[in-house]
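# Structural overview for review
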Amino acid sequence: MTDVKPETSLNAPDEQPVVRVIAMPADTNPEGDIFGGWLLAQMDLAGATPAFNIAHGRCATIAVDAMVFHQPVSVGDEVSIYARVIRTGRTSIRVHVEAWRRARAASEVSRVTEGVFTYVAIDADRKPRPLPGQA
């Protein structure tokens with residue numbers, strides 16, 4: 001099992017984001033902020049990317065832990081999502097995912113959300129399967 005601790009830096013990660021998207025009016029809650037479920041879905045997609053690469057195939061999201069919404073996202077914000085594998089097991093992959101926002105007219109970024117997503121490699125019957133090299 002490989003274990004890596006998530007970073008708690010206040011600066012955006014140095015690597016390229018896995019997902020970059022603009023928050024749109026259709027993604028808002030009744031108060032006009034971007035709906036947390038939309039952001040969670042974007043983060044799940046981003047976290048799945050390194051999980052699929054490690055699993056060499058299909059994975060299922062089985063858990064989301066330590067989810068924290070630090071700040072709201074507004075319509076028009078550019079949202080960049082970073083994903084980093086923090087642990088692998090026999091069939092599972094844990095990924096630390098952070099979402100950062102940049103307002104349209106600004107250059108500074110701020111972390112808005114982070115969480116740890118757990119994926120399990122699955123076979124054609126949707127049953128857990130060992131990760132490559134873990135048989």
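As the structure is a computational prediction, the values presented were derived from the model and not from experiment.

### Some remarks on the overall build of the protein
Along the protein, the regular secondary structure elements total one helix and six strands. Listed N to C, the secondary structure of the protein is β-β-α-β-β-β-β in terms of helices and strands. Radius of gyration (C-alpha) of the protein: 16 Å, near the 14 Å computed for a compact globule of 135 residues. By its C-alpha atoms, the protein is 50 × 30 × 20 Å across when sized along the principal axes. For the protein, the proportion of its 135 residues judged to be buried stands at 40%. Averaging the coordinates of the 14 positive side-chain charges in the protein and doing the same for the 16 negative ones gives two points 7 Å apart.

### Some thoughts on the pattern of salt bridges
Scanning all chains against the criterion turns up six salt bridges. A salt bridge links Arg101 to Asp77; the nearest nitrogen and oxygen atoms lie 2.6 Å apart. Of this pair, Arg101 sits in strand β5 (residues 92–102) while Asp77 sits in the loop between β3 (59–69) and β4 (78–88), placing them 24 residues apart in sequence. The buried category is assigned to Arg101, whose relative accessible area is 17%. Measuring nitrogen to oxygen at the nearest pair gives 3.3 Å for the salt bridge that ties Arg102 to Glu78. Of the two residues, Arg102 is situated in strand β5 and Glu78 in strand β4; the sequence distance between them amounts to 24 residues. Residue classification places Arg102 among the partly exposed positions, given a relative accessible area of 24%. Connected via shared salt-bridge partners are Arg20, Glu78 and Arg102.

### Observations concerning the nonpolar core
Generally speaking, soluble globular proteins have nonpolar side chains that are buried together. In this structure, Leu39 and Ile81 are the most contacted members of the largest nonpolar core, which totals 24 residues. Going through the elements one at a time, α1 (36–55), β4, β5 and β6 (110–121) are the ones with two or more residues in this core. It is α1 that contributes the most residues to this core, seven residues altogether. Leaving out residues up to four positions away in the same chain, Leu39 has contacts with Phe69, Val73, Val79, Ala99, Val112 and Thr113.

### A look at α1
Note that an α-helix has 3.6 residues per turn; residues three or four places apart therefore point the same way. Here α1 contains 20 residues, and its C-alpha end-to-end distance of 28 Å stays within 8% of the 28 Å for a straight helix at 1.5 Å per residue. If you look at α1, its biggest bend is around 25°, right at Thr49, and the proline Pro50 turns up within four residues after that. All of the buried residues in α1 are Trp38, Leu39, Gln42, Met43, Ala46, Gly47, Ala48, Pro50, Ala51 and Ala55. Where α1 is buried, its residues meet β2 (19–22), β3, β4, β5 and β6. His56 lies just past α1 and shows a positive phi near 55°.

So, how was this worked out
- Here the residue numbers are simple positions, counted from 1 along each chain's written sequence.
- Reporting in this predicted model follows two pLDDT cut-offs: at least 70 for local features of residues, and 80 or more for side-chain atom pairs to be given and counted; totals over whole chains, interfaces and linings ignore these cut-offs and use all residues.
- Excluding hydrogens and water, the side-chain figures rest on all heavy atoms present in the structure.
- Helix and strand labels come from DSSP, where a helix needs a run of H or I of at least four residues and a strand needs a run of E of at least two; each type is numbered from the N terminus.
- Between the two quantities, the radius of gyration covers C-alpha atoms and the globule rule is 2.2 Å times the number of residues to the power 0.38.
- Burial classification: accessible surface area is computed with a 1.4 Å probe over protein chains only, and a residue below 20% of its type maximum counts as buried, one above 50% as exposed, and the rest as partly exposed.
- Counted charges follow a simple rule, with Lys and Arg positive, Asp and Glu negative, and His plus the chain ends left uncounted.
- A charged residue contributes its charge at one atom only: NZ of Lys, CZ of Arg, CG of Asp or CD of Glu.
- Salt bridge, as used here: a side-chain nitrogen of Lys or Arg that lies within 4 Å of a carboxyl oxygen of Asp or Glu.
- Residues enter a nonpolar core if they are buried and are Ala, Val, Leu, Ile, Met, Phe, Trp, Tyr or Cys, with the set joined through side-chain atoms within 4.5 Å.
- Should any heavy atoms of two residues lie within 4.5 Å, those residues are considered in contact.
- Between the first and last residue of a helix there are one fewer steps than residues, each counted as 1.5 Å, and that sum is the expected span.
- Here the bend at a residue means the angle between the axes of two seven-residue stretches, the one that ends at it and the one that starts at it.

The values reported here are purely geometric and, on their own, carry no functional implication.
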